[in-house]
Amino acid sequence: MESRSKSIHIGSTTMIPALLLLLLSLIHRAQCFYLPGVAPEDFQKGNPLKVKVNKLTSIKTQLPYTYYSLPFCTPEKIVDSAENLGEVLRGDRIENSPYVFKMQEPQLCTVLCRITLDAKTAKQFKEKIDDEYRVNMILDNLPLVVPIRRLDRVPNIVYQLGYHVGLKGQYAGKKEEKYFIHNHLAFTVKYHRDMQTDSSRIVGFEVKPYSIKHEYEGPWSEKTRLITCDPHTKRMVVNSNTPLEVDANKEIIFTYDVEYQESDVKWASRWDTYLLMSDDQIHWFSIVNSLMIVLFLSGMIAMIMLRTLYRDISKYNELETQEEALEETGWKLVHGDVFRPPSNSDLLCVYVGTGVQFLGMVLVTMIFAVFGFLSPSNRGGLMSAMLLLWVFMGIFAGYASTHLYKTFKGTQWKKIALKTAFMFPAIIFVIFFVLNALIWGQKSSGAVPFGTMFTLVFLWFGISVPLVFVGAYVGIKKPTMEDPVKTNKIPRQIPQQPWYMNRIFSVLIGGILPFGAVFIELFFILTSIWLNQFYYIFGFLFLVFIILLITCAEITIVLCYFQLCSEDYKWWWRSYLTSGSSALYLFLYAIFYFFTKLEITKLVSGLLYFGYMLIASYAFFVLTGTIGFYACFCFTRLIYSSVKID
């Protein structure tokens, strides 16, 4: 017994530092190693550049729309670009544009088109300006950004994805608020030149939008020269001092400039400016905060394993008579009931299997992301990867659920496999379908088309369900481990518990520390999702995820030990709910974030936010609950296998 305790202690103390060193090296590798999502394209001087337009987005409504849902200038024929599954689910709709760029050939005051607004189109523009919609464009797979100077930050240039359709303002001396449209765009294309081949690669795509009321003489024709913006007289648009108001019967002339700047930034590093972290100290603080929690819990477990358990096991093994054993109290007394199958054991098996599926999906996704395979240049890649991994991890879900079911001496394994394949996905699909119907009602491009919906159903029924049954068959055929102690035929009566061991109270307490380990990183994840920003610090996220796993396992073991010491042997469901309750705090934090950080005012947008956060919280519950369950499962088998039972 002594050698067993020492081996546990030595293994844990040497493994944790090694694990942390490995994770820190992964963070470093993630920061200096980059795998692009597309192959580089070389351009010679004068080569045409394809400028594409993407969806209109707003952080106030969270409802994307296609670029041509507004009466912007159109090319002769609008052509949709092929999109992957992740892009469609994100609401991306990439189309060609009327903008004509030629490599290293600057343009000044190029007229794109001239339109006259009617009451309907003016209202459309005003609504989009009111909701602070941004126009997203793409050049050589780089998103269009607006550089904004911030004196309170280092670096002092931050980038905003897309430019605003327009702005609201007032004329000097007047209180009435007017709407103004950004009708002149000053593009800057940055390129890196290869001195040997004299070819160039695009490394930056920026814009400065202006609102200007263009003027011209005589009737309008294709050869009309503008007075307000004329390259011949070197008159340029450099400000919005004479903005163009949006109103019915108003004329809008769309113009643009293109400037080319040579850059020292190489193609492989062109995303660095978009992904530059100015607040990495906060992430390190988050990790240190989480590590403190882990060290605290590790200390408690070390004390339990090395002191309390070692002393208890030694004492129990020294007892000579059954009468002396009956006088003892604590966790050893419930050995005849601790492995008694719980109530609703079928449901527990299903949730554990689903949690294993989630754990596999998240773990593999994290590893791919840390090594740069899911770079932001591959739009929709992260979501596509997660969906496909979820589908293929169904084989592990089936295995875990039926193998646990066999441990409970169950025989109807096909019923368990069927529930595992359908229960969680069906709940998510129903919520998703309702949210998608709401988006359809708003005529948003974020609504998933029928064809994509069919693809999702096919992935579910055609691949995931069969794999779940394959895993279930393997799980039911594999022999299970025998329980270290025999289960009594008559259940033992559980004594009255102290107030702090109340089931609801202990479960809610158990979720605080796992949530505390991730809530700082959670803020950045929510910001990237709902405030339209890039999130690419997967090295930090992977480390926080590992800390979450350890925290869930340790807090569940500690509370499970206290529960068994109180002679309460019903630990199966409580171990799952203890760490799984962190999902409740996640949802409460999402409510707090909604009212403090977001400016969502529309009912549909609010329903979308809470619907998607409900899905995320439910998934988090399944994931963390499964981690806690397996930790407690291993812990109970370990301690009861160490005791000699007469």
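Just so you know, these numbers come straight off a predicted model, no measurement behind them.

**Q** Where do I start with the overall build of the protein chain in this structure?
**A** If you tally the helices and strands in the protein chain, you get 17 helices and 15 strands. Of all 646 residues assigned to the protein chain, the portion counted as buried reaches 52%. On the protein chain, roughly 31700 Å² of surface is accessible, and the fraction owed to carbon and sulfur atoms is 61%.

**Q** Quick question: what am I supposed to make of the environment of Ser-269 here?
**A** You can see Ser-269 is positioned in the loop between β15 (251–262) and α4 (272–275). Assessed through its relative accessible area of 30%, Ser-269 is described here as partly exposed. Separated by 66 residues in sequence, Ser-269 and Val-203 have C-alpha atoms that sit 8.1 Å apart.

**Q** Honestly, the side chain of Ser-263 in this entry has me stumped. Any pointers?
**A** Tracing the backbone through its elements, the reader meets Ser-263 in the loop between β15 and α4. Setting aside its immediate chain neighbours within four residues, Ser-263 contacts Lys-190, Tyr-191, His-192 and Val-203.

**Q** Any chance you could explain the nonpolar core here in plain terms?
**A** Across soluble globular proteins, you tend to see nonpolar side chains buried next to one another. Formed by 101 residues in total, the largest nonpolar core has its most connected members in Phe-358, Leu-564, Trp-571, Tyr-609, Phe-629 and Tyr-640. Among the elements that make up this core, the one with the highest residue count is helix α14 (residues 538–565) (18 residues).

**Q** Sorry if this is basic, but what is going on with the pairing of strand β2 (residues 51–57) here?
**A** Two faces, one strand: in a regular strand the side chains alternate between the faces of the sheet. The buried fraction of β2 is high, at 6 of 7 residues. One ladder, built from 5 bridges, connects β2 with strand β6 (residues 134–139); its direction is antiparallel. Bridge pairing in β6 places Thr-57 opposite Arg-134. Taken together, the 2 bridges between β2 and strand β3 (residues 95–96) define a ladder with antiparallel strand orientation. The partner of Lys-52 across the bridge, within β3, is Asn-96.

**Q** So what exactly am I meant to see when it comes to the pattern of salt bridges here?
**A** Pairing between side chains of opposite charge can happen when the charged atoms of each approach one another. According to the stated counting rule, one finds 13 salt bridges in the structure shown. Two residues, Arg-114 and Glu-251, come together in a salt bridge whose shortest N-O distance is 2.3 Å. With a gap of 137 residues between them, Arg-114 in strand β5 (residues 107–116) and Glu-251 in strand β15 connect regions that are remote in the sequence. Classification of Glu-251 by relative accessible area gives partly exposed; the value is 24%. Note that Glu-206 and Lys-190 form a salt bridge whose closest N and O atoms lie 3.0 Å from each other. Here the residue Glu-206 occupies a position in strand β14 (residues 200–210), and Lys-190 occupies one in strand β13 (residues 184–193), the gap between them amounting to 16 residues. A residue is classified by how much of its surface remains accessible, and Lys-190, at 21% relative accessible area, is partly exposed. One connected set of salt bridges, linked through shared partners, spans Lys-55, Arg-90 and Asp-92.

**Q** Would you take a moment to explain helix α16 (residues 582–597) for this structure?
**A** For the α-helix, the turn length of 3.6 residues means that residues three or four positions removed from each other point alike. If you check α16, its first and last C-alpha atoms are 22 Å apart, about what 16 residues at 1.5 Å a residue would give, namely 22 Å. Among the residues of α16, Ser-582, Ala-583, Tyr-585, Leu-586, Tyr-589, Ala-590, Tyr-593 and Phe-594 are the ones counted as buried. Against the buried residues of α16 lie α12 (503–510), α13 (512–530), α15 (572–580) and α17 (603–641).

**Q** I'm lost on the packing of aromatic side chains in this one. Help?
**A** Any pair of aromatic rings gets described here by the distance separating the centres and the angle formed by the planes. Applying the stated criterion to the full structure yields 48 aromatic pairs. Centre to centre, the rings of Tyr-99 and Tyr-256 are 5.0 Å apart; their planes meet at 70 degrees, and the pair counts as edge-to-face. One end of the pair, Tyr-99, is in the loop between β3 and β4 (101–102); the other, Tyr-256, is in strand β15, and 157 residues separate them in sequence. When sorted by exposure, Tyr-99 lands in the same class as Tyr-256, which is buried. A ring pair is formed by Phe-187 and Phe-205, whose centres lie 5.7 Å apart and whose planes are at 15 degrees; its orientation type is stacked. Of this pair, Phe-187 sits in strand β13 while Phe-205 sits in strand β14, and the two are 18 residues apart along the sequence. In this pair, the class of Phe-187 matches that of Phe-205, namely buried. Among the aromatic residues, those joined into a ring-pair cluster are Tyr-351, Phe-358, Trp-390, Phe-424, Trp-573, Tyr-576, Tyr-618 and Phe-621. Over the face of the ring belonging to Tyr-65 we find Lys-128, whose NZ or CZ atom lies 4.4 Å from the ring centre. In this structure, Arg-637 is placed above the aromatic ring of Phe-339, and the distance from its NZ or CZ to the ring centre is 5.7 Å.

**Q** Help me out: how do you make sense of the packing of helix α8 (residues 381–392) against helix α11 (residues 450–477) in this one?
**A** The description of two helices packed together rests on the angle between their axes and the distance between the axes. Direction vectors running N to C along α8 and α11 enclose 35 degrees, while the axes themselves pass 8 Å from each other. For the pair formed by α8 and α11, the contact residues are Leu-387, Leu-388, Val-391 and Phe-392 on the first element and Leu-456, Leu-459, Ile-463, Ser-464 and Leu-467 on the second.

**Q** Please explain the packing of helix α7 (residues 345–370) against helix α9 (residues 394–407) as it appears in this structure.
**A** Following both chains from N to C, one finds α7 and α9 inclined at 150 degrees, their axes separated by 7 Å at the closest point. With respect to their mutual orientation, α7 and α9 come out roughly antiparallel. Our pair here, α7 against α9, has a crossing hand that is right-handed. In this structure, α7 uses Asp-346, Cys-349, Val-350, Val-352, Gly-353, Val-356 and Gln-357 to contact α9, whose residues at the interface are Gly-394, Phe-396, Ala-397, Ala-400, Ser-401, Leu-404 and Tyr-405.

**Q** Would you take a moment to explain unusual backbone geometry for this structure?
**A** Keep in mind that most residues, glycine aside, have a negative phi and that most peptide bonds are trans. Its identity is not glycine, yet Asn-141 carries a phi of approximately 70 degrees, on the positive side. As for its position among the elements, Asn-141 is in the loop between β6 and β7 (142–143). Judged by relative accessible area, Asn-141 falls into the buried class, the value being 14%. Not every positive phi belongs to a glycine, and Lys-409 is a case in point at roughly 65 degrees. Mapped onto the elements, Lys-409 comes out in the loop between α9 and α10 (413–441). Look at Lys-409 and you get exposed, because its relative accessible area is 66%.

**Q** Looking at this structure, I do not really get the environment of Glu-127. What am I missing?
**A** Inspection of the secondary structure assignment puts Glu-127 in helix α3 (residues 119–130). A sequence separation of 52 residues divides Glu-127 from Tyr-179, and the C-alpha atoms of the two residues are 9.7 Å apart.

Criteria and cut-off values
- Every residue gets a number counted from 1 within its own chain, in the order that chain's sequence is written.
- In keeping with the model being predicted, local features are shown solely for residues with a pLDDT of at least 70 and side-chain atom pairs are shown and tallied solely at 80 or more, while totals for entire chains, interfaces and linings include all residues.
- Values shown for side chains rest on all heavy atoms present in the structure; no hydrogens or waters enter the calculation.
- Working definition: helices are DSSP H or I runs of at least four residues, strands are E runs of at least two. Numbering for both runs from the N terminus.
- Exposure categories follow from relative accessible area, calculated using a 1.4 Å probe and restricted to protein chains: below 20% of the type maximum is buried, above 50% is exposed, and the middle band is partly exposed.
- Note on areas: these come from Shrake-Rupley sampling with a 1.4 Å probe, and a residue is covered only by the protein chains present in the view.
- For this analysis, residues touch if any pair of their heavy atoms sits within 4.5 Å.
- Buried Ala, Val, Leu, Ile, Met, Phe, Trp, Tyr and Cys residues form a nonpolar core when they are joined through side-chain atoms within 4.5 Å.
- Paired strands are those between which DSSP finds at least two bridges.
- Whenever a carboxyl oxygen of Asp or Glu lies within 4 Å of a side-chain nitrogen of Lys or Arg, that contact is scored as a salt bridge.
- Helices are assigned an expected span. That span is 1.5 Å times one less than the residue count.
- Between rings of Phe, Tyr and Trp, where Trp is taken as its six-membered ring, a pair exists when centres lie within 6.5 Å; planes separated by under 30 degrees are stacked, by over 60 edge-to-face, and by other angles tilted.
- Sitting over a ring, as applied to charges here, requires NZ of Lys or CZ of Arg to be within 6 Å of the ring centre and within 35 degrees of the ring normal.
- To get an axis, a line is fitted to the C-alpha atoms, and for a helix only the part in contact is used. The angle between two axes follows their N-to-C directions and goes from 0 to 180 degrees.
- Here the word oblique covers every angle except those under 35 degrees (roughly parallel), over 145 (roughly antiparallel) and from 65 to 115 (roughly perpendicular).
- Note on convention: near helix rotated counterclockwise from far helix by under a right angle means a left-handed crossing. Clockwise means right-handed.

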